[in-house]
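# Inside the fold
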Amino acid sequence: MKLTALAKSICSRPFLPRITGPLQFRLLQHDFVPRDPKSKPIKYKYPAFYDPYGPRPPPSDKVVQLAERIASLTPEERRQISLTLFKRFSLPKLQPISTEGLDLGPQGGAPAGSAKVEEKKEKTTFDVKLEKFEAAAKLKIVKEVKTFFDLGMKEAKELVEKAPVVLKQGLTKEEASNIIEKIKAAGGVAIME
């Protein structure tokens with residue numbers, strides 16, 4: 001078996017270079033044109049921007065005169081023209097895009113005056129956050145958390161050990177202050193956010 005495989009491999013090898021060797025040599029291929037070493041590389045001229053529709057004809061004199069007349073109007077008259085064109089062509093009215101919940105950073109979003117309005121609104125829901133606690137008072141705080149939030153002893157202990165952690169969200173001011181007082185009495189530091 002091994003002798004047959006060895007004989008086939010020896011017999012087949014001399015034929016392969018005769019068949020594929022010369023064809024893979026670049027100079028012997030029929031479409032090969034050697035590059036002139038003295039020639040410079042071809043530089044193509046690319047347009048400033050790509051227009052898939054090709055060059056457009058210049059605007060007519062009527063369009064140019066109309067554009068000049070529109071440019072000479074006051075801003076209020078231009079707004080009136082845009083509203084009239086929207087009605088004339090039955091275009092849908094533009095709706096403002098809500099950016100609520102998006103973090104646009106300092107560059108955009110709500111106008112500067114809206115921040116003052118939000119500060120004046122009184123906050124109605126609060127979160128209670130456990131900041132830190134004394135190591136000796138850990139058991140008392142776990143018991144308080146267990147009673148306030150209807151948790152098992154294991155869940156309450158894991159929650160307290162993650163401090164600083166938000167214990168509960170969406171509480172009224174009275175409920176939140178009640179929980180904070182009980183935690184302080186047990187030896188922990190909690191805040192209202």
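See the structure shown above.
Here the structure is a predicted model, which is why all the values come from computation and not from measurement.

## Quick notes on the overall build of the chain
- Each helix and strand in the chain was counted, giving 8 helices and 3 strands.
- Helices and strands appear in the chain in the N-to-C order α-α-α-α-α-β-α-α-β-α-β.
- By the burial criterion, 11% of the 193 residues in the chain qualify as buried.
- Pairs at least 24 residues apart make up 62% of the contacts formed inside the chain by residues separated by at least 6 positions.
- Here the chain displays about 17600 Å² of accessible surface, and carbon together with sulfur accounts for 60% of that area.

## Notes on the sheet that holds strand E1 (residues 126–133)
- Ordered in space as E2-E1-E3, the 3 strands form an open sheet in which the pairing is antiparallel. A strand with exactly one partner marks an edge of an open sheet, and here the two such strands are strand E2 (165–171) and strand E3 (188–192). Strand-to-strand twist of the sheet, defined as the mean angle between neighbouring strand axes without regard to direction, takes the value 20°.
- For E1 and E3, the ladder comprises 5 bridges, and the chain directions are antiparallel. Of the residues in E3, the one forming a bridge with Phe 133 is Gly 188.
- In this fold helix H8 (residues 173–186) packs onto E1, E2 and E3, with an angle of close to 165° to the strand it touches most, E3.

## Some details on the pattern of salt bridges
- Applying the stated criterion across every chain yields a total of 4 salt bridges.
- Across the pair Glu 131 and Lys 129 runs a salt bridge whose closest N-O atoms are separated by 3.8 Å.
- Where Glu 161 meets Lys 157, a salt bridge forms, and the shortest distance between an N and an O atom there is 3.8 Å. Taken as a pair, Glu 161 and Lys 157 lie in helix H7 (residues 153–161) at a separation of 4 residues, close to a single helical turn.
- With a relative accessible area of 42%, Glu 161 lands in the partly exposed category.
- Via salt bridges that share partners, Lys 138, Lys 157 and Glu 161 belong to a single interconnected network.

## Describing helix H6 (residues 138–149)
- For H6, spanning 12 residues, the distance from its first C-alpha to its last is 16 Å, which sits close to the expected 16 Å at 1.5 Å a residue.
- Those residues of H6 that sit buried are Ile 141, Val 142, Val 145 and Phe 149. In a view along the axis of H6, the buried residues occupy a sector of 100°, so they form one face of it. Of the exposed residues in H6, the ones pointing more than 90 degrees away from its buried face are Leu 139, Lys 140 and Thr 147.

## Quick word on the packing of H6 against H7
- Contact pair H6 / H7: the axes reach a minimum separation of 9 Å and the direction vectors enclose 120°. The way H6 lies across H7 gives a crossing that is right-handed. On the side of H6, the interface is formed by Lys 138, Ile 141, Val 142, Lys 143, Val 145 and Lys 146, while H7 contributes Met 153, Ala 156, Lys 157, Leu 159, Val 160 and Glu 161.
- Looking at side-chain class alone, the contact of H6 with H7 contains 7 nonpolar, no polar and 5 charged residues.

Conventions used here
- Residues numbered from 1 in each chain as written.
- Predicted model: local features only at pLDDT ≥ 70, side-chain atom pairs only at ≥ 80, totals over all residues.
- Heavy atoms only, no water.
- Helix = DSSP H or I, 4+ residues; strand = E, 2+ residues; numbered from the N terminus.
- Buried < 20%, exposed > 50% of the residue type's maximum accessible area, 1.4 Å probe, protein only.
- Contact = heavy atoms within 4.5 Å.
- Areas by Shrake-Rupley, 256 points an atom, 1.4 Å probe, with all protein chains shown as cover.
- Pairing = 2+ DSSP bridges.
- Axes fitted to C-alpha atoms, helices over the stretch in contact; angles between N-to-C directions.
- Salt bridge = Lys/Arg side-chain N within 4 Å of Asp/Glu carboxyl O.
- Expected span 1.5 Å × (residues − 1).
- Arc of directions from axis to C-beta.
- Left-handed = near helix turned anticlockwise from the far one by under 90°.
- Nonpolar A, V, L, I, M, F, W, Y, C, P; charged D, E, K, R; others polar.

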